[in-house]
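The chain contents come next:
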Amino acid sequence: MAEQASNPVFQIQRVYVKDLSLEQPNSPQILLEQEQPQVDINLGLEAQPVADGIYEVAVVATVHTKIKDKTLFLVEAKQAGIFEIRNIPEDQLSPIIGIACPQIVYPYLRAVVADVISRAGFPPVHLAEVNFQAMYEAQQQQQQAQAGNGASQIITKA
């Protein structure tokens, strides 16, 4: 029985839309514009412990579409998942939360963003595939550089 208690556990408890907003502040006038809009997409990742062995991981997308300097539409979406992660070595926990969990949640986020934009009357914006492993590794390198030498961080930003 003690052997089973120490077996690694990684389970999805739930995937859900945590936050979703759509704004069309310049409608209906801007809908008459014939210009091609400029689309700006930003992605983010949030993770936090909820209880012992339970974590919430959320992928956040902001899609801001403008014509000239006026907003056509702005979509902000946060898709989250609750994961049970137990009996995992400490050095493997961070990659699971930073890579495996977002890979599970992200397809749902992509569908929500495309759906809300098409329901708003626009052609859907399909978020590109994301390599969460590369994103995680870049973030780790950036954190190591910041911890290793603060002066070099200032120089690289300049």
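None of these values were measured; they are calculated from a predicted model.

1. Notes on the side chain of K78
Here K78 is to be found in strand β4 (residues 70–86). Beyond its immediate stretch of four places on either side in the chain, K78 contacts Y16, V17, K18, D19, E46, A58, V59, V60 and L109.

2. What about the pairing of β4?
Most of β4 is tucked away, with 13 of its 17 residues classed as buried. The sheet contact formed by strand β1 (residues 9–23) and β4 spans 13 bridges and is antiparallel. Bridge pairing in β4 places F10 opposite I85. Where strand β3 (residues 54–67) and β4 come together, 14 bridges link them in antiparallel fashion. Looking at β4, one finds that H64 is bridged to L74.

3. Describing the side chain of Q79
Of note, Q79 is situated in strand β4. Residue classification places Q79 among the buried residues on the basis of a relative accessible area of 3%. At 3.2 Å, the side chain of Q79 forms a polar contact with the backbone oxygen of Y16. Excluding its chain neighbours within four sequence positions, the residues that come into contact with Q79 are V15, Y16, V17, V57, A58, V59, V105, Y108, L109 and V112.

4. Details of the pairing of strand β2 (residues 38–51)
Direction of pairing for β2 relative to β3: antiparallel, over a ladder of 13 bridges. Residue pairing across strands places Q48 opposite E56, the latter belonging to β3. Hairpin connection, β2 to β3: the antiparallel pair is bridged by 2 residues, and G53 has positive phi, about 80 degrees.

What counts and what doesn't
Residues numbered from 1 in each chain as written. Predicted model: local features only at pLDDT ≥ 70, side-chain atom pairs only at ≥ 80, totals over all residues. Heavy atoms only, no water. Helix = DSSP H or I, 4+ residues; strand = E, 2+ residues; numbered from the N terminus. Contact = heavy atoms within 4.5 Å. Buried < 20%, exposed > 50% of the residue type's maximum accessible area, 1.4 Å probe, protein only. Pairing = 2+ DSSP bridges. Polar contact = N/O pair within 3.5 Å; in protein donor to acceptor, adjacent residues only side chain to side chain.

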